[in-house]
Protein chains: 6
Amino acid sequence: MNNQPRPSFKSPRFAQPATFMRLPHTDDLAGVDVAIVGVPYDGGTSYRPGARLGPREVRHQSSLIRTYNSFQKVAPFDRLNVADAGDVDPPPVSIEKAYDAIDARIGQIADAGARPIVVGGDHSITLPVLRALARRHGQLGLVQFDAHIDTWDEYFGGKYFHGTMFRRAIEEGLVDGRRFVQVGIRGPMYGEDDFDFHREHGITVVDIDQVKDRGVAWTIDEIRRIVTGPAYMTFDIDGVDPAFAPGTGTPEVGGLTSHEAIRLVRGLRGLSLVGGDIVEVAPLFDGPGQITAVLAANVMFEFLCALVR
Amino acid sequence: MNNQPRPSFKSPRFAQPATFMRLPHTDDLAGVDVAIVGVPYDGGTSYRPGARLGPREVRHQSSLIRTYNSFQKVAPFDRLNVADAGDVDPPPVSIEKAYDAIDARIGQIADAGARPIVVGGDHSITLPVLRALARRHGQLGLVQFDAHIDTWDEYFGGKYFHGTMFRRAIEEGLVDGRRFVQVGIRGPMYGEDDFDFHREHGITVVDIDQVKDRGVAWTIDEIRRIVTGPAYMTFDIDGVDPAFAPGTGTPEVGGLTSHEAIRLVRGLRGLSLVGGDIVEVAPLFDGPGQITAVLAANVMFEFLCALVR
Amino acid sequence: MNNQPRPSFKSPRFAQPATFMRLPHTDDLAGVDVAIVGVPYDGGTSYRPGARLGPREVRHQSSLIRTYNSFQKVAPFDRLNVADAGDVDPPPVSIEKAYDAIDARIGQIADAGARPIVVGGDHSITLPVLRALARRHGQLGLVQFDAHIDTWDEYFGGKYFHGTMFRRAIEEGLVDGRRFVQVGIRGPMYGEDDFDFHREHGITVVDIDQVKDRGVAWTIDEIRRIVTGPAYMTFDIDGVDPAFAPGTGTPEVGGLTSHEAIRLVRGLRGLSLVGGDIVEVAPLFDGPGQITAVLAANVMFEFLCALVR
Amino acid sequence: MNNQPRPSFKSPRFAQPATFMRLPHTDDLAGVDVAIVGVPYDGGTSYRPGARLGPREVRHQSSLIRTYNSFQKVAPFDRLNVADAGDVDPPPVSIEKAYDAIDARIGQIADAGARPIVVGGDHSITLPVLRALARRHGQLGLVQFDAHIDTWDEYFGGKYFHGTMFRRAIEEGLVDGRRFVQVGIRGPMYGEDDFDFHREHGITVVDIDQVKDRGVAWTIDEIRRIVTGPAYMTFDIDGVDPAFAPGTGTPEVGGLTSHEAIRLVRGLRGLSLVGGDIVEVAPLFDGPGQITAVLAANVMFEFLCALVR
Amino acid sequence: MNNQPRPSFKSPRFAQPATFMRLPHTDDLAGVDVAIVGVPYDGGTSYRPGARLGPREVRHQSSLIRTYNSFQKVAPFDRLNVADAGDVDPPPVSIEKAYDAIDARIGQIADAGARPIVVGGDHSITLPVLRALARRHGQLGLVQFDAHIDTWDEYFGGKYFHGTMFRRAIEEGLVDGRRFVQVGIRGPMYGEDDFDFHREHGITVVDIDQVKDRGVAWTIDEIRRIVTGPAYMTFDIDGVDPAFAPGTGTPEVGGLTSHEAIRLVRGLRGLSLVGGDIVEVAPLFDGPGQITAVLAANVMFEFLCALVR
Amino acid sequence: MNNQPRPSFKSPRFAQPATFMRLPHTDDLAGVDVAIVGVPYDGGTSYRPGARLGPREVRHQSSLIRTYNSFQKVAPFDRLNVADAGDVDPPPVSIEKAYDAIDARIGQIADAGARPIVVGGDHSITLPVLRALARRHGQLGLVQFDAHIDTWDEYFGGKYFHGTMFRRAIEEGLVDGRRFVQVGIRGPMYGEDDFDFHREHGITVVDIDQVKDRGVAWTIDEIRRIVTGPAYMTFDIDGVDPAFAPGTGTPEVGGLTSHEAIRLVRGLRGLSLVGGDIVEVAPLFDGPGQITAVLAANVMFEFLCALVR
């Protein structure tokens, strides 16, 4: 029988060590369809730190999640065996060593036949996840919900930080630029040539004004048109407006509402998703209600339901 | 002459012991048309506690309320004699004793010919309020703004907590299911059978996607079509999105905006309202701006204006 | 060569004493096109204090601003020489002396041929700014984003506080009522006669329901129709909903979203703007993410881009 | 029979509009021995604002106070008739008008034969209190618990702010320098001549090192030796270390502990006290536990007990 | 081999689901010497709620604990097999059902031959713990660190809340009054007769002035003199001053310092301790540093070391 | 003439871009005796991040500092020319590159004949500071105020993080172990062999119990006895108890009070100090009062005064 969340009418939601959605925590991946795994690393952060505390807070706030999605009409835990696979243990002081640890653990998950839902951590962690998944599934399509394009080239002379990983992913052949769409892009940029790389590789940008003017349904159609084949979702919580997600490191005003965000993720159902992540939850910048982690938990649940075939 | 809020151009808003809308605090109900009463009880809470602190914080933040509603074109304090009737004193450690205390005090208010606006406290307090009001007014229509249906059956083997009171209200004959509409429902559920009780009793759900897709005007029409006869409004602040109302115990993302919420309440004008409540404000989960209590105060003001005939 | 923000790929955003948009701080106005100047004064506040801390927090959070606006297609620092001109030093304990200090410093800026972007401080500071600018540019048009009309007459028998300055500005002939539009007005008022002054002087109100019902594009058209000739923008952050701007002194629910706010400011491009302000950021009422100051910084950037001809 | 706090075993501490120590709120001073009165004014503040919010927060946190002092062996409410006399309504925007309002209200209290316990507000409010009390009782002795001497001369050319009132009090003959002691003084100063005024008027300073090195008992002896005749206590909460009282505007490290503070106030018993104040509680700078207001409430209780003869 | 905390030089302290001291979480008590168990119940709270969130926060903050106590010269995990035994699942809405659940689980632990360290939860939970332990070990000695005596009789007509459990424990014969000492008592009381029960049953009070005046060493001697035979420690975090432990429901100023607290617990080494608890940590009242939970974790560690024989 | 802080009676403390002690910010070191320099780097942090935000917050809170130390009887700005030398720009993502940047900038300061006061940043930054200063002054004596010994060997196989730098400093010959004293050490350790390195190199530990039992005066004597010759002070703010310094990454309970801390630093006067640092201020873990940064600013001022010969 599949893992089930602890029943909240018999064990209070706030009780017991916090795990993702109150699921069992296990290192054993046998029979697991979906492994939720934390990556508490924020050494790639250029501004406000603290995404290392994201996995624990998302675990805590995901205690509210229940077992049925009445909008998708799906009971995910009946259809998929889901587990809290614990965290990767990335060294805080070296991004290269952290990348190796992440790649290795995601590789184990993929090799065990499970699909990972990764909870960051800053956005730099997506690169080693893509490395591990592309190794198994081949070049991937990618849907990115984000305020930022994250295709810059270097930072203080280095190749890795939370603003360069999608350039690296294209360069390393992990992602197919023509099957790659970025949704929610906005905010001040550095110059018009920030988009040269997109033009060169056929990456599509759906900026925030397009989402607001053409609507969520159009945006979903656009995503589904572009992101064919084996695909990955990366959800930077700063794609959502700071009103709904204040707890993040690089907030950009004028973003998605939480209702738009949930609906967009819901629209991914039916894609050939090999995994996904929710990143950049930085709890120290949220208030005591921790609404950012609550939102991340719901994005995770909506994505989990979208994984049901 | 009717009670008037202290004049803010002669007494600073932040001065004096805080009362609802800076109105006089009195236990004497003679001549009172509308009694605003706090119910600082949160012993029915299954997750985050603290709604016991709601009445004091709503009092504090309601200092911003002024005397004229330019959208409804009504000056409520000229038309109704309104008072801060203090709080019920519910024992924190026994829900049964708390229910008795609430029922008794609301009964006094109703007997004095006043309509109560109740400020919670967790949502479990609505049941004894309905008991007292149905005793006087007969079976009631009900409009519920909420993320949650709150018609579950039991909790740890008990009948009362903040997720069961509307099943109890139907079972006890206090509310007519066919004149009962729930607006804003969303979030993960337990299963499709969560709605069996609704079908059995003719309760209408207007879920959040319906509000967002069909609009506020349509939703108001739907409410007015259903909620005929003597009616009660119960406003769970978690009906509103956590961005606008982070200070609550069971937040659900993807909810109403504050503008939608105010307009929906405005749309109740002309119904035969016998009272109403605003519940689940838990100030500890809000930030220092206490925007949830500010919103609750404005919902209260908008509802007060809607009570003017 | 124009001033440039410190380059964030060589100097971390969180490093160095915080200045507006990481620009050089200088008292020397020679060659400056746009002077960003703080006015840390909140002695005109009738409710929650703390806008005196606005300039420092906006400086801090404006570290996120970059150099290119991809929606306006403009690189403002290439087109305008912009500087952090420091703060006015208004005495906290006397509004008259504060007004003199503000008037004098804005006069210097105008005399040097620079346009000021003023960061408050409470809204009462706009009056001496208008005095200095009208002295140079003649009677001004005015676009005001705000929840409140701020045209009341007196407060505790005095002429100056943050609710009277636009009555004073009309009375003193600084602003032409017929070229004056207020956008986003909402919330409880004192009475229908609050608008008598508007009728007498031809001031236009676009209330929040008009913005929501007719849309941002219509609102921009309305602004551009009314605000002809030399004009000033005053942006009270409480024009935006408390969800997006909790850090303010007099929050009113049901307001603009941050996306609407940014687009409205963008719509000012092409007007004959002689300056503008962003006021009423009160950081103590925000959470640790300081999203209100982040929003103010982006409003400032969008306005700066709109100043490019 | 004397006023009694609401009984907390029958009315929960967090219930009802908050009044000082859960006492009745009344404007009627007949038969009152001790009137606790708020002065929500912070227009004399030179640094962090917010003491205007002190009275409401101290009311809120004083709900914890009980009825018996087992260290002083006194039941104050049996011995004195104590009331919450509400707040003075000082205009926020004019220190002169605020002073007039305070002086008038304290004069009423004194004329009614009651002794005032004043809850600020910033420290500048003590001057009009002293004016009213000296008018009735003649020149006063003064014990000041504080980090700062507050005997500076001017601020931006003005005579009144929260750093000059004790120079004014001496100049106006309200306080006798030889019966005036300042306890807990510390922190950076402007120069050695800061103490010239003390030498000239015979004011005694017991700095923090003296308290720490010689002890609380010695300090009490010193106070009792100096402060003879009709006397007033002024307790600036920043006399206590920021660890124990973070919620204040001008914190100075290295101060009194809360245990030392309570004991020092206890040591005033038997002096001819005509009133006292607790000032500079600025709740926005405290955490959610509001320990500064809790401390202020206990200082108030200890002082009340010390008023029993 | 004994359980060991995850090694922090190989797994970052902030990684993985939080357990007490980073120990394995297990329901299996075989071979366990010390079982750390959470009791997330706060339904006995009369003032500020939120101690239900204590166990999760103490788990989180206990990640800082290391493996060696250089003051006691003991490596506890080498000497004792310690586990995180999870939480009891007490229903939030019924104190009687909660007591049954707690009693049952502590009974299991005691029956398995393990000594429990209980993390609350409000102080009312200590009664069922004492019931389970006295059933196994006979009448117990008791050392209580606390601001409050907690020997009141009734609350709103009920027998159980967080102020009555030690009267109940004496009445039920669980604790021997002559082997019972209360340390740190202070704050306002209800009357001199609050201590009648102490006199009747031979309970010793060491109030805060005795601790401060006579010192920690004397206090330890007094404890060791009184608490002979099988004994239990109950540590209410409000025994410590709110500066060091703001995150609690009923703060009393003038308390123990953290250094005094740790030393007092250290002084228990050698007593015949059958278990202990740390209660009343209410994280919502603490700041983001959560220093109260950090202190609780250290009290727990110091107590664990004191359990080594 | 020496630099002077902006005069707070003419420019409000909260006005103008924040610099250390309101001193001029300059990159020009000519004629500077003491250069206060920020190092906003926290990439060496093993637990809670955020010390990168320390320099800006300490600048902000140091606005309270005045110009005269009445306990040391010294006016430091009359005796020393002090400047805010801005921040080093360390790349956040590489500790090696960060070390190079720090070493280079401190070397410039030393070469210019100025003594640096460094504001961190996590404690790992002290190593490159010592490298630069030992290059100029030869092997240094060291007084370290800290809860932790920071002489561990490796972290995840790397040589640098905030727990190894004093082992490195000894190994590299920068510091003489026999002239090195650590004050305030406490908290759980890993094992007795944590002190082997101390014994081998003659490093002295004055643990917290020695400070509390023998007193501050004895501790100062001990420091002065050991730390002869050219010497450096490193002040980890976690040497102070979390009650007084909650805003830090690795809090340890039972520490120094702020009064003890200030007095200990005062006791360094007369040593041959070549510089010093205050590190590990992590503002996100403090409350809105930011008392940790206030303390750091006062430690900085006290140390500055101690530099006067």
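Residues numbered from 1 in each chain as written. Chains lettered and ligands numbered in written order. Predicted model: local features only at pLDDT ≥ 70, side-chain atom pairs only at ≥ 80, totals over all residues.

### Structural notes on the overall build of chain A
Each helix and strand counted, chain A has ten helices and eight strands in total. The C-alpha radius of gyration of chain A comes to 18 Å, within 12% of the 19 Å expected for a compact globule of 309 residues. With respect to the principal axes defined by its C-alpha atoms, chain A has extents near 55 × 40 × 40 Å. The buried share among the 309 residues of chain A stands at 69%. Taking the intrachain contacts of chain A between residues at least 6 apart in sequence as the baseline, contacts between residues at least 24 apart amount to 79%. (Helix = DSSP H or I, 4+ residues; strand = E, 2+ residues; numbered from the N terminus. Rg over C-alpha atoms; globule rule 2.2 N^0.38 Å. Buried ≥ 20, exposed ≤ 12 C-beta atoms within 10 Å, placed from the backbone. Contact = placed C-beta atoms within 7 Å.)

### Observations concerning the interface of chain B and chain A
For an interface, size is often stated in terms of accessible area lost upon the parts coming together. Each partner contributes to the interface: chain B provides 25 residues, whereas chain A provides 27 residues. Within the side of chain B that touches chain A, the residues separate by chemical class into 14 nonpolar, six polar and five charged. (Nonpolar A, V, L, I, M, F, W, Y, C, P; charged D, E, K, R; others polar.)

### Focus: the sheet that holds strand S5 (residues 175-185) of chain A
Consider a sheet: its strands pair through backbone hydrogen bonds, and that pairing is either parallel or antiparallel. Residues and elements named next belong to chain A. Across the sheet, eight strands lie side by side as S2-S1-S3-S8-S7-S4-S5-S6; this open sheet has parallel pairing. The sheet is open, and its two borders are formed by strand S2 (82-87) and strand S6 (204-207), each paired with just one other strand. Averaged over neighbouring strand pairs, the angle between their axes works out to 15 degrees when direction is ignored. Two elements, S5 and S6, share four bridges in a ladder whose sense is parallel. Bridge pairing in S6 links Ile185 to Asp207. Lying on the sheet, helix H8 (residues 216-226) is in contact with strand S4 (140-145), S5 and S6; it crosses S5 at an angle near 165 degrees. (Pairing = 2+ DSSP bridges. Axes fitted to C-alpha atoms, helices over the stretch in contact; angles between N-to-C directions.)

### Thoughts on helix H9 (residues 258-266) of chain D
Most of H9(D) sits inside the fold, with eight of its nine residues counted as buried. Taken together, the buried positions of H9(D) are occupied by D:Ser258, D:His259, D:Glu260, D:Ala261, D:Ile262, D:Arg263, D:Leu264 and D:Val265.

### A few points about the interface of chain B and chain C
At the interface, 27 residues of chain B touch 25 residues of chain C. The greatest single-element share of the side of chain B that touches chain C, amounting to five residues, is contributed by helix H10 (residues 291-307) of chain B. Across the side of chain B that touches chain C, the residue classes tally to 16 nonpolar, eight polar and three charged.

### Description of the relation of the copies chain B and chain C
Under the fitted operation, chain B is carried onto chain C by 0.0 Å of movement along the axis and a turn of 120 degrees, and the coordinates agree to an RMSD of 0.0 Å. On the angle and the small slide along the axis, the relation comes out as a three-fold axis. An overlap of only 7% is found between the interface residues of chain B and their copies at the interface of chain C, pointing to separate contact surfaces. (Least-squares fit on C-alpha atoms with pLDDT ≥ 70 in both.)

### Digging into the relation of the copies chain B and chain A
Of the transformation placing chain B onto chain A, the axial shift is 0.0 Å and the rotation is 120 degrees, giving an RMSD of 0.0 Å. The fraction of interface residues of chain B whose copies in chain A are also interface residues is only 8%, indicating that the copies meet through different surfaces.

### Describing the confidence of the model for chain A
In the predicted model, chain A carries a mean pLDDT of 97, and the fraction of residues at 70 or more is 100%. With pTM at 0.98, the complex prediction returns an ipTM value of 0.97. (pLDDT = per-residue confidence, 0-100.)

### Some words on the sheet that holds strand S1 (residues 34-39) of chain F
Residue and element names in this part refer to chain F. Spatially, the eight strands line up as an open sheet ordered S2-S1-S3-S8-S7-S4-S5-S6, and their pairing is parallel. Every other strand in the sheet has two partners, leaving strand S2 (82-87) and strand S6 (204-207) as the edge strands with one partner each. Across the sheet, the mean angle from the axis of one strand to that of its neighbour is 15 degrees, orientation sign disregarded. Relative to S2, S1 is paired through four bridges, and the arrangement is parallel. The residue of S2 that forms the bridge with Ala35 is Ala83. Where helix H1 (residues 54-61) meets the sheet, its contacts fall on S1, S2 and strand S3 (115-120), and the angle it forms with S3 comes to roughly 110 degrees. Across the sheet, helix H4 (residues 126-137) lies against S3, strand S4 (140-145), strand S5 (175-185), strand S7 (230-236) and strand S8 (272-279), angled at about 170 degrees from S8, the strand it touches most.

### Examining the environment of B:Asp213
On the secondary structure map, B:Asp213 appears in helix H7 (residues 208-214). Each C-alpha atom, one on B:Asp213 and one on B:Arg199, is 23 Å from the other, the two residues being 14 residues apart in sequence.

### A few points about the packing of helix H9 (residues 258-266) of chain F against helix H10 (residues 291-307) of chain F
All names here are of chain F. Where H9 contacts H10, the axes come no closer than 8 Å and their chain directions differ by 20 degrees. In terms of axis orientation, H9 runs roughly parallel to H10. Crossing of H9 over H10 shows right-handed handedness. Residue-level contacts link Ser258, Ala261, Ile262, Val265 and Arg266 of H9 to Leu295, Asn298, Val299, Glu302, Phe303 and Ala306 of H10. The residue inventory of the contact of H9 with H10, partitioned by class, reads seven nonpolar, two polar and two charged. (Parallel < 35°, antiparallel > 145°, perpendicular 65-115°, else oblique. Left-handed = near helix turned anticlockwise from the far one by under 90°.)

### Things to note about unusual backbone geometry
Residue and element names in this part refer to chain A. The omega torsion of the bond from Gly120 to Gly121 falls at 5 degrees, within 30 degrees of zero and hence cis. Within the secondary structure layout, Gly121 lies in the loop between strand S3 (115-120) and helix H4 (126-137). The phi dihedral of Glu280 falls on the positive side, at around 70 degrees, and the residue is not glycine. Along the polypeptide, Glu280 turns up in the loop between strand S8 (272-279) and helix H10 (291-307). C-beta crowding within 10 Å serves as the criterion here: with 34 such atoms nearby, Glu280 is assigned to the buried category.

### Some remarks on the arrangement of the chains
The closest approach of any C-alpha atom in chain A to one in chain D is 10 Å; the two make no contact. As for chain E relative to chain C, no contact occurs, and the smallest C-alpha gap between them is 10 Å.

### A closer look at the environment of C:Leu130
Summarising the element assignment, C:Leu130 is placed in helix H4 (residues 126-137). Sequence separation of C:Leu130 and C:Pro283 is 153 residues, and the distance between their C-alpha atoms is 25 Å.

### So, helix H3 (residues 95-111) of chain C
All names here are of chain C. For H3, with 17 residues, the first-to-last C-alpha span of 24 Å sits near the 24 Å given by 1.5 Å per residue. Among the residues of H3, those classed as buried are Ile95, Ala98, Tyr99, Ile102, Arg105, Ile106, Ile109 and Ala110. All buried residues of H3 project into a common sector of 140 degrees when viewed along the axis, lining one side. With respect to the buried face of H3, the exposed residues turned more than 90 degrees away are Glu96, Ala104 and Asp111. Once H3 finishes, Gly113 follows within two positions and takes phi at roughly 85 degrees, a positive value. (Expected span 1.5 Å × (residues − 1). Arc of directions from axis to C-beta.)

### Digging into the pairing of S3(F)
Residues and elements named next belong to chain F. Burial analysis of S3 places six of its six residues in the buried class, which makes it a mostly covered element. Going residue by residue along S3, you find Arg115, Ile117 and Val119 tucked away on one face and Pro116, Val118 and Gly120 tucked away on the opposite face as well. Direction of pairing for S3 relative to S8: parallel, over a ladder of three bridges. Its bridge partner lying in S8, Val119 is registered against Ile278.

### Quick word on the environment of E:Phe195
Residue and element names in this part refer to chain E. Here Phe195 is to be found in the loop between strand S5 (175-185) and helix H6 (196-201). Judged by local crowding, Phe195 falls into the partly exposed class, with 16 C-beta atoms found within 10 Å. In the structure, Phe195 is positioned 35 residues away from Tyr160 in sequence and 19 Å away in space, judged by C-alpha atoms.

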